[in-house]
Amino acid sequence: MTEEATSKRRWRKLGRRQLISLGVTAAAAGGVGLGLGFFGGQHWERRQMRVPPREQPFSPNVFLAIDHDGTTTVWVTRSEMGQGVSTSLPMIVADALDADWRAVRVEQAPASRTYGYQGTMASASVRSMYEELREAGGVARAMLLEAGATVFGVDVAACDTRAGGVIHRASGRRVGYGELAGLAGTLEVPSAPALRDEHRWIGRPTRRLDARDKSEGRAVYGIDVRLPGLRYASIERPRGIGGTLGDVAEEAARAVDGVLDVVRMTSGSVAVIAEHTFAAFAGRRALAADHRAGPNASLSSARVEERLRDATRGEGAEVYVEGHVRPALAGAARTLEATYEVPYVAHQCMEPINATARFADGAWEVWAPTQDPMTVRETVAELGGVGIERCTVHVTLLGGGFGRRTVPEEIRQVVELARHTSPNPVQLVWTREDDVQHDYYRCAAAHRFEVGLDAEGEIVAWRDHVATPTHGGGEASGGRVDELAVDGAARPPYRFGAVEVRWSDVASPIPTGIWRSVGHGYNAFAVEAMLDEVARATERDPLELRLALLPADARHRAVLERVAQMCDWTAPPPEGRARGLAVHACFGSVCAQVAEVSVEDSLPRVHRVWAAVECGRVINPLGVKAQILGGIVFGLSAALHGAIDVEAGRVRQSNFHDAVVLRMDACPEIEVEVLDGAGEPGGIGEVGVPMIAPAVASALSRLTGTPVRKLPLFPRA
Amino acid sequence: MPRYSLEVNGESVEVDVAADVPLLWVLRDVLGLTGTKYGCGVAQCGACTVHVGGVAVRSCSLRVSRVRAPVTTIEGLGGDHPLQRAWVEHDVPQCGYCQSGQIMSASALLARDPHPDEATLRGAMAGNLCRCGTYPRILAAIRSVAGD
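Everything numeric in this text was worked out from a predicted model, so none of it was measured.

1. Details of the overall build of chain A
Scanning chain A from N- to C-terminus turns up 21 helices and 27 strands. Taking all 717 residues of chain A together, 63% fall into the buried category. Taking as baseline every contact in chain A between residues at least 6 positions apart, the subset at least 24 positions apart corresponds to 76%. Of the roughly 25,300 Å² of accessible surface on chain A, a fraction of 49% belongs to carbon and sulfur atoms.

Written as structure tokens, this is what we have:
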């Protein structure tokens with residue numbers, strides 16, 4: 001199977017796996033394929049259903065509609081969380097439609113099966129929708145062409161389209177799409193329209209359509225939903241993992257100015273409902289709740305990390321084997337051994353977790369900044385006790401997602417609250433402390449490497465034992481490999497001779513979830529930093545070593561060579577600084593990064609980062625650059641500071657003062673180049689994250705002479 | 001309940017809330033000005049930054065009873081502020097949630113120091129967090145307005 005095909009198969013599998021892991025029903029998971037059946041069996045059904053109903057005279061499919069004035073509305077069916085889908089997905093439609101970009105307007109699609117799969121995860125939005133949106137635009141263009149030819153009284157073959165209009169080639173006459181909308185709306189929808197080969201929008205650097213709203217305070221996030229009679233709520237929950245709440249001072253909370261109600265939830269938590277958010281927060285404090293430790297009173301993340309280290313010395317499950325690693329290690333002239341470790345990390349989306357719900361007249365309406373609208377809708381129907389057709393889920397803008405907003409916990413909470421406030425709507429807002437202490441964390445992980453070198457210093461054996469907590473915090477898997485946990489380590493791209501990768505999991509009640517780049521994040525850190533150890537031990541240039549170990553057709557080569565040119569790799573760095581290099585392929589794309597680092601007051605300082613990325617066909621170069629740059633900042637923030645500690649069953653950190661993230665004053669200069677890639681579009685949202693930690697760690701190791709094998713690089717706040 | 005008179009974006013308003021309610025929640029939940037964001041509640045992230053008497057303040061940590069000067073929020077900046085235009089020109093926002101606060105901090109900085117040096121600029125903006133990593137474009141946009 002080609003790499004492209006593998007990658008395509010991979011995101012589908014990943015999407016389904018993630019859904020299942022998050023508790024979605026098999027039927028819903030099957031919806032992953034629904035989006036691909038656009039012109040198959042789903043076609044007629046989708047033509048009949050438009051959610052919400054449309055006024056426009058021409059709407060040949062769910063994704064677009066054209067009005068008499070030419071306004072072209074594109075329904076975006078993935079969540080906009082900063083990654084730019086509300087610009088890139090319309091670009092794909094506009095390109096195939098040959099639209100006038102200035103006439104394009106974007107609507108966020110509500111949760112509805114008519115749109116197919118709507119989850120936003122696994123960097124799959126553009127990858128999974130590219131063909132479908134091309135077809136959606138292409139169908140519309142074919143119909144407009146036919147309408148235009150009818151108006152001109154000529155054959156379709158004598159016509160063409162140009163930026164929102166149909167032209168008659170011979171005479172140069174032009175008629176706009178808006179003028180043709182009425183006629184086009186009466187035509188039969190073609191089943192297999194010819195698509196344009198020429199691209200007007202795909203590949204063109206295009207500014208975000210939402211930049212203005214977001215610069216003027218007009219963009220509406222979940223937390224900004226305002227409705228008549230809206231109540232505001234906050235939930236006091238057990239402080240510890242698996243803890244309970246004892247007595248609460250309900251009357252004191254009710255006495256707080258603006259508090260309307262105090263509700264004991266089925267979970268045992270206590271909600272305060274108020275006239276405004278702050279009154280709900282103040283009411284919570286007035287509860288002076290008695291927080292009781294549950295069965296995890298002695299739970300400690302340090303102990304989990306210790307068990308992970310121990311697990312890397314155990315038997316584990318086989319992930320990947322090539323050759324015979326044991327004899328190769330036994331026969332090696334020299335063996336390098338090292339243990340790499342990363343801690344639990346929180347997401348810390350800038351917009352705290354929230355949701356708004358209204359239950360009135362036997363129907364539910366929910367507003368959610370979610371990465372998974374379908375699961376939200378199913379959750380509302382299930383807990384709301386009505387059929388799914390009576391549940392409307394509006395997807396708002398997301399103030400960051402990073403994988404956090406794939407879990408519908410706040411939806412379950414707000415549905416329960418809305419029963420109390422009905423018919424008034426209620427907005428549930430988690431405090432930042434709730435967010436930091438009750439996240440679904442990126443898991444801690446440990447790697448133990450044994451790398452065998454021959455007399456010439458060539459790698460002849462690579463043994464890597466990965467250990468992670470069991471995904472979701474449940475019982476250990478009993479030897480069945482969690483592919484998400486080993487992504488990025490399972491199959492090294494290098495020719496290492498004999499290879500053996502094993503995996504162990506350790507059961508722990510600390511909740512874990514998907515965190516931007518998932519397994520690739522911590523696994524690429526370990527693999528790439530270990531490879532740098534080999535380079536240092538054998539006194540080889542880390543770039544040359546990688547190029548020597550990579551197969552001739554590896555996509556890694558071009559980005560490595562390019563990033564080396566960008567930073568002038570062979571020239572020595574400025575005095576007191578060192579450079580580290582890392583490369584990794586994930587989500588159908590590949591990226592190489594170089595970090596230039598110094599040590600100031602015994603702390604690392606990253607001055608410059610260079611990145612070269614190849615992600616197949618590029619839709620919006622500006623968007624790709626922004627994602628890689630943002631991924632570097634996100635990954636660097638975690639590498640320098642990211643850590644969540646559980647002590648005595650409670651998360652120690654609570655807000656940005658102790659769950660530190662990267663600030664402007666420590667942000668390096670970053671240069672990103674996007675290479676021309678052949679083939680299908682690759683993913684981009686998560687691609688920039690994994691390389692920065694190993695690049696910085698390698699630079700620091702070179703600078704200090706001591707291998708850096710543990711994150712974060714700063715001491716805990 | 002106490003009644004407070006405020007001047008917000010050039011308009012006089014009266015609000016009936018308890019004295020300890022932070023300006024942030026008066027703006028968002030009472031006056032419906034949701035452009036100002038809640039991010040941390042403890043003046044650590046800057047998402048709630050507004051101008052009070054022309055100075056950038058964290059509205060999550062300023063009680064309404066202590067507001068003694070005119071308040072300007074992102075909505076009051078007008079949309080044609082050079083920084084807002086620069087934000088669009090430089091394609092700054094990603095998720096965008098922090099950007100109101102970023103712009104309010106930057107506009108207060110440039111109002112008192114139209115040509116800040118690099119250290120001043122980075123230092124003044126270090127109180128505003130962004131998780132999408134738009135920092136480099138924020139700096140570029142501010143520099144373009146500061147004329148450096």
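2. Focus: the interface of chain B and chain A
Listed as interface residues are 50 residues of chain B and, on the opposing side, 56 residues of chain A. Across the chain B to chain A interface the summed buried area is about 4,600 Å²; carbon plus sulfur atoms make up 58%. In terms of surface lost to chain A, no three residues of chain B exceed B:Y97, B:R122 and B:R131, which account for 18% of the buried area on that side. For the interface between chain B and chain A, the tally reads 5 salt bridges. Its salt-bridge partner being B:D29, residue A:R226 comes within 2.8 Å of it at the nearest N-O pair.

3. Here we look at the domain arrangement of chain A
Residue and element names in this part refer to chain A. Taken domain by domain, chain A holds domain 1 (35-214), domain 2 (222-293 + 353-429) and domain 3 (301-345 + 441-704). Spacing between the C-alpha centres of domain 2 and domain 3 amounts to 38 Å. Listed as interface residues are 8 residues of domain 2 and, on the opposing side, 11 residues of domain 3. The junction of domain 2 with domain 3 conceals about 790 Å² of combined surface from both sides, 60% of it contributed by carbon and sulfur atoms. The largest per-residue losses of area from domain 2 upon contact with domain 3 belong to R239, I241 and F402, which jointly make up 75% of the total buried on that side. At the surface where domain 2 touches domain 3, the tally comes to 0 salt bridges. The class makeup of the residues in the side of domain 2 that touches domain 3 is 2 nonpolar, 4 polar and 2 charged.

4. A closer look at the nonpolar core
Counting residues in hydrophobic clusters, the biggest one holds 168 residues, and the most contacted among them are A:V451, A:I628, B:L6, B:L23, B:W87 and B:I142. If one sorts the elements of this core by residue count, helix α20 (residues 621-640) of chain A sits on top with 10 residues. In terms of nonpolar packing, the next biggest core, distinct from the first, is built from 46 residues, A:F58, A:L89, A:V93 and A:A181 among them.

5. Side note on the domain arrangement of chain B
Residues and elements named next belong to chain B. When the domains of chain B are assigned, the result is domain 1 (3-76) and domain 2 (77-146). Relative placement of domain 1 and domain 2: their C-alpha centres are 20 Å apart. In this complex, domain 1 contributes 18 residues to the contact, which on the side of domain 2 involves 14 residues. Here domain 1 meets domain 2 over a buried area of about 1,300 Å², counting both sides, of which 55% is carbon and sulfur. For the pair domain 1 and domain 2, the interface holds 0 salt bridges. Mapped by element, the contributors of at least two residues to the side of domain 1 that touches domain 2 are β3 (49-52) and β4 (55-58). No other element matches the 3 residues that β3 contributes to the side of domain 1 that touches domain 2. Residue classes in the side of domain 1 that touches domain 2 are distributed as 6 nonpolar, 9 polar and 3 charged.

6. Side note on the packing of helix α17 (residues 518-537) of chain A against helix α21 (residues 692-704) of chain A
Residues and elements named next belong to chain A. The interhelical angle for the contact between α17 and α21, taken along N-to-C directions, is 30°, at an axis separation of 8 Å. By the angle between their axes, α17 is roughly parallel relative to α21. For the pair α17 and α21, the crossing hand works out as right-handed. Where α17 approaches α21, its residues A524, F525, E528, A529, D532, A535 and R536 are matched on the opposing element by A693, P694, A697, S698, S701 and R702. Residues of the contact of α17 with α21, tallied by class, amount to 7 nonpolar, 2 polar and 4 charged.

7. Thoughts on the sheet that holds strand β22 (residues 578-586) of chain A
All names here are of chain A. The strand order β22-β23-β24-β27 describes an open sheet built from 4 strands, whose pairing is mixed. Because the sheet does not close on itself, it has two edges, and the strands there are β22 and β27 (669-674). With direction set aside, neighbouring strand axes in the sheet form an average angle of 20°. Here strand β24 (residues 603-614) runs beside β27; their pairing, made up of 6 bridges, is parallel. Note on β27: the bridge partner recorded for W610 is E671.

Rules behind the numbers
Residues numbered from 1 in each chain as written. Chains lettered and ligands numbered in written order. Predicted model: local features only at pLDDT ≥ 70, side-chain atom pairs only at ≥ 80, totals over all residues. Heavy atoms only, no water. Helix = DSSP H or I, 4+ residues; strand = E, 2+ residues; numbered from the N terminus. Buried < 20%, exposed > 50% of the residue type's maximum accessible area, 1.4 Å probe, protein only. Contact = heavy atoms within 4.5 Å. Areas by Shrake-Rupley, 256 points an atom, 1.4 Å probe, with all protein chains shown as cover. Buried area = accessible area lost by both parts, 1.4 Å probe. Salt bridge = Lys/Arg side-chain N within 4 Å of Asp/Glu carboxyl O. Domains from an automatic or database assignment. Nonpolar A, V, L, I, M, F, W, Y, C, P; charged D, E, K, R; others polar. Core = buried A, V, L, I, M, F, W, Y, C linked by side-chain atoms within 4.5 Å. Axes fitted to C-alpha atoms, helices over the stretch in contact; angles between N-to-C directions. Parallel < 35°, antiparallel > 145°, perpendicular 65-115°, else oblique. Left-handed = near helix turned anticlockwise from the far one by under 90°. Pairing = 2+ DSSP bridges.

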